[in-house]
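Results of the structural survey
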Amino acid sequence: MTTEGGNMRIFTKAAAVGATAALISLAATSQAGATTYSGASCENVVPCLSLYYNSNQQGSHSDFRGYGEIDNLAGYTFASRSAGQGQPVKNNAASAYFRSKTTDESAIIYFNSNQGGACDELWAQGGRYSIANRLHHTYNNNASIRIIDGSLAAGVCYQF
């Protein structure tokens with residue numbers, strides 16, 4: 001057997017191991033944070049957080065569905081057709097709308113990546129939605145999100 005053939009076999013095994021590791025990593029990530037980016041479509045899906053480019057739910061928006069978290073909003077863009085379409089979501093959201101399936105779910109928007117720093121919580125207490133016409137702590141300074149079944153302790157985040 002030639003050296004070239006041996007190298008090919010080694011490369012193939014290395015590629016297979018790398019692909020398997022990538023799939024395991026992807027599966028672990030999916031289980032750890034089930035919140036998914038859905039672009040601009042929260043229609044008939046709850047829980048779902050819509051982040052808007054402008055105040056009062058104006059301009060382009062992007063939607064995030066399901067429980068879990070997104071550690072860094074870098075790479076996500078405002079998707080719907082309107083002012084701000086194509087702009088980064090990270091550090092550009094001015095308002096938000098949260099749709100809930102129960103009266104005890106919330107969406108938390110954080111100032112820092114990895115759910116750190118000051119935060120705004122949209123809590124559907126007593127209703128099926130929560131509105132932030134102008135984000136308080138995270139206005140144009142938003143880096144990560146979390147959607148949970150329940151609420152953070154009172155006083156941790158600014159609550160809408």
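Residues numbered from 1 in each chain as written. Predicted model: local features only at pLDDT ≥ 70, side-chain atom pairs only at ≥ 80, totals over all residues. Heavy atoms only, no water.

1. Details of the nonpolar core
This is how it is decided: Definition of nonpolar core: a set of buried residues of the types Ala, Val, Leu, Ile, Met, Phe, Trp, Tyr and Cys, connected through side-chain atoms within 4.5 Å. For each residue, the accessible area found with a 1.4 Å probe, counting protein chains only, is set against the maximum for its type, and the residue is called buried under 20%, exposed over 50%, and partly exposed in between. Secondary structure elements follow DSSP: runs of H or I no shorter than four residues count as helices, runs of E no shorter than two count as strands, and numbering proceeds from the N terminus. Working rule for contacts: check all heavy atoms of both residues, and any pair within 4.5 Å makes them a contact.
In this structure, Leu49, Leu51, Phe64, Leu73, Ala96, Ile109 and Ile145 are the most contacted members of the largest nonpolar core, which totals 17 residues. Mapped by element, the contributors of at least two residues to this core are strand S2 (48-54), strand S5 (95-99), strand S6 (105-112) and strand S9 (144-149). Leaving out residues up to four positions away in the same chain, isoleucine 109 has contacts with Leu49, Leu51, Ala96, Ala118, Cys119, Asp120, Leu122, Leu135, Thr138, Asn142, Ser144 and Ile145.

2. Re the environment of threonine 103
Structurally, the position occupied by threonine 103 is in the loop between S5 and S6. Taking relative accessible area as the criterion, threonine 103 reaches 40% and is therefore assigned partly exposed. Sequence spacing of threonine 103 and glycine 127 is 24 residues, and the spatial spacing of their C-alpha atoms is 5.2 Å.

3. With respect to the sheet that holds strand S8 (residues 129-132)
For clarity, the cut-off: DSSP calls a pair of strands paired once it identifies at least 2 bridges connecting them. Only the contacting stretch of a helix is used when fitting its axis, a line to C-alpha atoms as for every element, and angles between N-to-C directions run 0 to 180 degrees.
The five strands are arranged S1-S3-S2-S5-S8 in an open sheet whose pairing can be described as antiparallel. Edge positions in the sheet fall to strand S1 (36-39) and S8, since each has one partner strand and no second. Mean inter-strand twist for the sheet, computed between neighbouring axes without regard to direction, equals 20 degrees. Here five bridges tie S2 to S5, and the two strands are oriented antiparallel to one another. From the neighbouring strand, tyrosine 52 faces S5, where its bridge partner is serine 95.

4. Structural notes on the sheet that holds S9
The strand order across the open sheet formed by five strands is S4-S9-S6-S7-S10, and the pairing between neighbours is mixed. For this open sheet the edge positions go to strand S4 (68-70) and strand S10 (158-159), each flanked by a neighbour on one side alone. Pairing between S4 and S9: three bridges, direction antiparallel. Of the residues in S9, the one forming a bridge with glutamate 69 is arginine 146.

5. Quick word on the pattern of salt bridges
To keep it simple, the criterion reads: Here, a salt bridge means any side-chain nitrogen of Lys or Arg that lies within 4 Å of a carboxyl oxygen of Asp or Glu.
For the structure shown, the criterion picks out one salt bridge. Across the pair arginine 146 and glutamate 69 runs a salt bridge whose closest N-O atoms are separated by 3.0 Å. Highlighted residues: arginine 146 in strand S9 and glutamate 69 in strand S4, separated in sequence by 77 residues. Take arginine 146: its relative accessible area is 23%, and that puts it in the partly exposed class. Residue glutamate 69 is classed as partly exposed on the basis of its relative accessible area, which comes to 28%.

6. Here's the deal with the confidence of the model for the chain
Cut-off, in case you're wondering: The predictor attaches a confidence to each residue, called pLDDT, with possible values from 0 through 100.
Chain-level statistics for the chain give a pLDDT mean of 80 and a share of 76% at 70 or above. Looking across the chain, the model is least confident in helix H1 (residues 3-32), with a mean pLDDT of 36, and most confident in S2, with 96. Low pLDDT, under 50, characterises residues 1-33; the predicted model gives this stretch three contacts beyond four residues in sequence or across chains.

7. Points about unusual backbone geometry
Of note, the phi angle at asparagine 56 is positive, near 60 degrees, even though the residue is not glycine. The topology assignment puts asparagine 56 in the loop between S2 and strand S3 (58-65). Of note, the phi angle at asparagine 140 is positive, near 55 degrees, even though the residue is not glycine. Mapping asparagine 140 onto the fold places it in the loop between S8 and S9.

8. Quick look at the pairing of S9
As paired elements, S6 and S9 share six bridges and run antiparallel to each other. Note that in S9 the partner of serine 106 across the bridge is isoleucine 148.

9. Describing the packing of aromatic side chains
Filter applied, for reference: Stacked, edge-to-face and tilted labels apply to pairs of Phe, Tyr and Trp rings (six-membered ring for Trp) whose centres lie within 6.5 Å, assigned for plane angles under 30 degrees, over 60, and everything in between, in that order. Counted as over-ring charges are cases with an Arg CZ or a Lys NZ within 6 Å of the ring centre that also lie within 35 degrees of the ring normal.
Summed over all chains, the structure comprises four aromatic pairs. On the basis of an interplanar angle of 5 degrees and a centroid distance of 5.8 Å, the ring pair of tyrosine 97 and tyrosine 129 is categorised as stacked. Here tyrosine 129 lies in strand S8 and tyrosine 97 lies in strand S5, a separation of 32 residues in the sequence. Across from the ring centre of tyrosine 139, 3.7 Å away, lies the NZ or CZ of arginine 134, which sits over that ring.

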